[in-house]
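Examination of the molecular architecture
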Amino acid sequence: MTAIFRAAVASGLAGPVAAAINHLIESGRNGQLLTAWNLPNEAVTTAEADPPGLPMTNS
(Lines give C-alpha, C1' and ligand atoms only; values in the text may rest on other atoms or scores of the structure.)
Protein backbone atom coordinates (compact mmCIF):
# COMPACT_ATOMS: atom_id res chain seq x y z
CA MET A 1 0.00 0.00 0.00
CA THR A 2 2.87 2.36 0.74
CA ALA A 3 4.08 2.06 -2.86
CA ILE A 4 0.63 3.07 -4.13
CA PHE A 5 0.63 6.20 -2.00
CA ARG A 6 4.20 7.06 -3.01
CA ALA A 7 3.08 6.88 -6.66
CA ALA A 8 0.12 9.12 -5.83
CA VAL A 9 2.44 11.64 -4.17
CA ALA A 10 4.82 11.62 -7.14
CA SER A 11 1.97 12.12 -9.61
CA GLY A 12 0.27 14.88 -7.65
CA LEU A 13 -2.78 12.72 -6.91
CA ALA A 14 -2.15 12.25 -3.19
CA GLY A 15 -4.32 15.20 -2.18
CA PRO A 16 -7.30 14.21 -4.35
CA VAL A 17 -7.03 10.55 -3.27
CA ALA A 18 -6.95 11.57 0.40
CA ALA A 19 -9.94 13.88 -0.17
CA ALA A 20 -11.91 11.06 -1.80
CA ILE A 21 -11.13 8.68 1.06
CA ASN A 22 -12.06 11.35 3.61
CA HIS A 23 -15.40 11.77 1.83
CA LEU A 24 -16.01 8.02 2.18
CA ILE A 25 -15.08 8.20 5.88
CA GLU A 26 -17.35 11.20 6.57
CA SER A 27 -20.30 9.69 4.69
CA GLY A 28 -20.00 6.38 6.54
CA ARG A 29 -19.46 4.46 3.32
CA ASN A 30 -15.90 3.56 4.29
CA GLY A 31 -17.17 1.76 7.39
CA GLN A 32 -19.79 -0.06 5.33
CA LEU A 33 -17.18 -1.23 2.84
CA LEU A 34 -14.79 -2.37 5.56
CA THR A 35 -17.58 -4.27 7.31
CA ALA A 36 -18.61 -5.92 4.04
CA TRP A 37 -15.04 -7.13 3.59
CA ASN A 38 -14.84 -8.18 7.26
CA LEU A 39 -12.17 -5.53 7.96
CA PRO A 40 -13.84 -3.14 10.44
CA ASN A 41 -10.69 -3.02 12.60
CA GLU A 42 -8.81 -1.40 9.69
CA ALA A 43 -10.88 1.80 9.85
CA VAL A 44 -9.11 5.14 10.17
CA THR A 45 -10.61 8.48 11.17
CA THR A 46 -8.84 10.52 8.49
CA ALA A 47 -6.77 10.02 5.35
CA GLU A 48 -3.59 12.06 4.96
CA ALA A 49 -1.42 12.67 1.93
CA ASP A 50 2.10 11.42 2.68
CA PRO A 51 1.84 11.55 6.50
CA PRO A 52 4.99 11.69 8.61
CA GLY A 53 6.29 8.36 9.88
CA LEU A 54 5.79 6.31 6.71
CA PRO A 55 8.72 3.99 5.98
CA MET A 56 11.00 5.09 3.17
CA THR A 57 11.09 1.57 1.70
CA ASN A 58 8.74 -1.39 1.52
CA SER A 59 11.09 -3.59 3.56
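Residues numbered from 1 in each chain as written. Predicted model: local features only at pLDDT ≥ 70, side-chain atom pairs only at ≥ 80, totals over all residues. Heavy atoms only, no water.

To continue, consider the overall build of the protein chain. Each helix and strand in the protein chain was counted, giving three helices and zero strands. Listing the helices and strands of the protein chain from first to last along the sequence gives α-α-α. A buried classification covers 15% of the 59 residues belonging to the protein chain. Carbon together with sulfur atoms contributes 62% to the accessible area of the protein chain, which is approximately 4,600 Å² in total. (Helix = DSSP H or I, 4+ residues; strand = E, 2+ residues; numbered from the N terminus. Buried < 20%, exposed > 50% of the residue type's maximum accessible area, 1.4 Å probe, protein only. Areas by Shrake-Rupley, 256 points an atom, 1.4 Å probe, with all protein chains shown as cover.)

Our next topic: the side chain of Asn-22. Its location among the elements puts Asn-22 in helix α2 (residues 14-27). A polar contact of 2.7 Å, which involves the side chain of Asn-22, links it to the backbone nitrogen of Ala-47. Once you skip the residues sitting within four places of it in the chain, Asn-22 turns out to touch Thr-46 and Ala-47. (Polar contact = N/O pair within 3.5 Å; in protein donor to acceptor, adjacent residues only side chain to side chain. Contact = heavy atoms within 4.5 Å.)

The next point concerns a nonpolar patch on the surface. A surface patch of nonpolar side chains, about 390 Å² in accessible area, is lined by Leu-24, Leu-33, Trp-37 and Leu-39. Tracing the sequence through the fold places Trp-37 in the segment after α3 (29-36). (Patch = residues over 30% accessible without salt bridge, like charges linked within 9 Å, V, L, I, M, F, W, Y side chains within 5 Å. Salt bridge = Lys/Arg side-chain N within 4 Å of Asp/Glu carboxyl O.)

Our next topic: α2. Since one α-helical turn is 3.6 residues long, residues separated by three or four positions face the same way. With 14 residues, α2 extends 20 Å between its outermost C-alpha atoms, agreeing within 8% with the 20 Å of an ideal straight helix rising 1.5 Å per residue. All of the buried residues in α2 are Ala-14, Ala-18, Asn-22 and Ile-25. Mapping the buried residues of α2 onto a view down its axis gives an arc of 65 degrees, with all of them on the same face. Within two residues after α2, Gly-28 carries a phi angle of roughly 90 degrees, on the positive side. (Expected span 1.5 Å × (residues − 1). Arc of directions from axis to C-beta.)

So, on to the confidence of the model for the protein chain. Residues with a pLDDT of 70 or more make up 71% of the protein chain, whose mean pLDDT is 81. For the protein chain, helix α1 (residues 2-11) is the element with the lowest average pLDDT, namely 64, and α3 is the one with the highest, namely 94. (pLDDT = per-residue confidence, 0-100.)

What follows concerns the side chain of Asn-30. Topologically, Asn-30 is positioned in helix α3. Not counting the four nearest positions on each side in its chain, Asn-30 is found in contact with Leu-24 and Ile-25.

One non-glycine residue, Asn-38, adopts positive backbone phi at about 60 degrees. Within the secondary structure layout, Asn-38 lies in the segment after α3. When its relative accessible area of 64% is taken as the criterion, Asn-38 is described as exposed.

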